[in-house]
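One-letter residues, chain by chain:
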Amino acid sequence: MATDAETHSGTGRLEFSLDVPFPSSREATIALRSLSPDKEPRKGGITKQLTVTDNLLRWSADEARILRVSVNSFLDHLTLVIETMDMFGPPVDP
Amino acid sequence: MTVVIGFEGSANKIGVGIIRDGEVLSNPRRTYITPPGQGFMPSDTARHHRAVILTVLKEALEQARLKPADIDCVAYTKGPGMGAPLVTVALVARTVAQLWGKPLLGVNHCIGHIEMGRLITKANNPTVLYVSGGNTQVIAYSERRYRIFGETIDIAVGNCLDRFARVIKISNDPSPGYNIEQMAKKGEQYVELPYTVKGMDVSFSGILSYIEEAADKMLSSGRCTAEDLCFSLQETLFSMLVEITERAMAHCGSQEVLIVGGVGCNLRLQEMMGVMCKERGAKLFATDERFCIDNGAMIAQAGWEMFRSGQETDLEDSWITQRYRTDEVEVTWRD
């Protein structure tokens, strides 16, 4: 898992990215589809982008505090999804 | 044969239940209980649910003696409720739905209560009083919607009771409302409190402010006991609920009342509603604490009805929502 935090010189916003490896792209897609439907509780000040290509997640935030809260929640949610997949996986054949 | 598993965690109870064609196969549940004087906060509640949900899910399958392959549909609470706990539960529901290759169904929590009440009591077409810590509504079915005839214009009746319990620092185990009910039985003096019915609706925040202040003054001066206040609060709140229920019944020409939601466990409320029903020649229906209080099976039951009438929730649309009106849902499973 690689992480990166820096201030993007162009927009002045903080950028953070997270690499989450999965055993297969099928499982990465399952995790993505579980984690993406809910909107960020905070309106404005933060955006995040989840993609399955290379299992990369990207955040963009106005303030470090907002970024920290969002990333924190996300990591708790990700842990729960992974634990669920460990306990009740592997996925059935489609 | 249709088997539905339901996930519920919109407040401090986390439950997973399995229903097969109207039979409750399992319904395990855990409650997050805070110390006396404290309410439950969203992130702590979500943390509690996260820690136990997979265990409760395993119990539900084991007690029902089923494997994931036996499940036809995964139902979960889409809303209304507290954001963080709702997300926690939705995440697990979405994940297992995908792992097991089953369709997903987002259920309205209030409708879960109604459908469970209908299943257990076999009430035909009742006026429903839905009363809990988070909701207070009088509901009647009409033309494919559960229509809200009356409701609280501020806080729920259960919220009023729970917050009063905090003021007098009584235990939240098993629930503050239960402990208020036990103390009320020992009340000997009726203390007059504001009575705030507003037409078809009710208001409770004024009563709460009044009794919080009164508790402070009257308990320290010894003018009355905490038991007297519990008794007086129940009599006042429940009379108001009986009044607005009766008003809705008169509108609809209804001869049945169904009480659902955690506050529906309260035997004094059932007694008072029973008196009104008897006077009108109507029948009262209520369930016990297994089904009154938030549980997974009620979500499974509403999900069962929705699924069999052809509904399904796409993953992209499966986001949770803190606000979700009972009348927003098209009741495709009734005429």
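Residues numbered from 1 in each chain as written. Chains lettered and ligands numbered in written order. Predicted model: local features only at pLDDT ≥ 70, side-chain atom pairs only at ≥ 80, totals over all residues. Heavy atoms only, no water.

**Focus on the sheet that holds strand β8 (residues 136-142) of chain B**
Residues and elements named next belong to chain B.
- The five strands are arranged β9-β8-β7-β12-β13 in an open sheet whose pairing can be described as mixed. Both outer strands of the open sheet, β9 (145-151) and β13 (283-286), are each paired with one neighbouring strand and no more. Between one strand and the next, the sheet's axes are offset by a mean angle of 25 degrees, whatever the strand orientation.
- Sheet analysis places strand β12 (residues 256-260) next to β13, joined by four bridges and oriented parallel. Among the inter-strand pairings, I259 is bridged to a residue of β13, identified as A286.
- In the packing of helix α7 (residues 226-252) onto the sheet, the strands contacted are β7 (127-131), β8, β9 and β12, and the crossing angle to β7 comes to about 155 degrees. (Pairing = 2+ DSSP bridges. Helix = DSSP H or I, 4+ residues; strand = E, 2+ residues; numbered from the N terminus. Axes fitted to C-alpha atoms, helices over the stretch in contact; angles between N-to-C directions. Contact = heavy atoms within 4.5 Å.)

**Details of the confidence of the model for chain B**
- Mean pLDDT for chain B: 97, with 100% of residues reaching 70 or above.
- Across the assembled chains, the prediction reports ipTM 0.92 with pTM 0.95. (pLDDT = per-residue confidence, 0-100.)

**A few points about the side chain of S232 of chain B**
Residue and element names in this part refer to chain B.
- Tracing the sequence through the fold places S232 in helix α7.
- Take S232: its relative accessible area is 0%, and that puts it in the buried class.
- There is a polar contact of 2.7 Å between the side chain of S232 and the backbone oxygen of D228.
- Contact partners of S232, with chain neighbours within four places excluded, come to Q189, Y190, V191 and L193. (Buried < 20%, exposed > 50% of the residue type's maximum accessible area, 1.4 Å probe, protein only. Polar contact = N/O pair within 3.5 Å; in protein donor to acceptor, adjacent residues only side chain to side chain.)

**So, the UniProt feature "binding site: substrate" (unreviewed entry) in chain B**
Residue and element names in this part refer to chain B.
- The feature "binding site: substrate" (unreviewed entry), as annotated in UniProt, sits at Y130, V131, S132, G133, G134, D162, G177, E181 and N266 in this numbering.
- Position of G177 among the secondary structure elements: in helix α5 (residues 176-184).
- Residue G177 is classed as partly exposed on the basis of its relative accessible area of 22%.
- Following the sequence through the fold, E181 ends up in helix α5.
- Those residues in contact with E181 that sit more than four places away from it in its chain are Q234, C265, N266, L267 and R268. (UniProt positions renumbered as here; feature names shortened; annotations may be inferred.)

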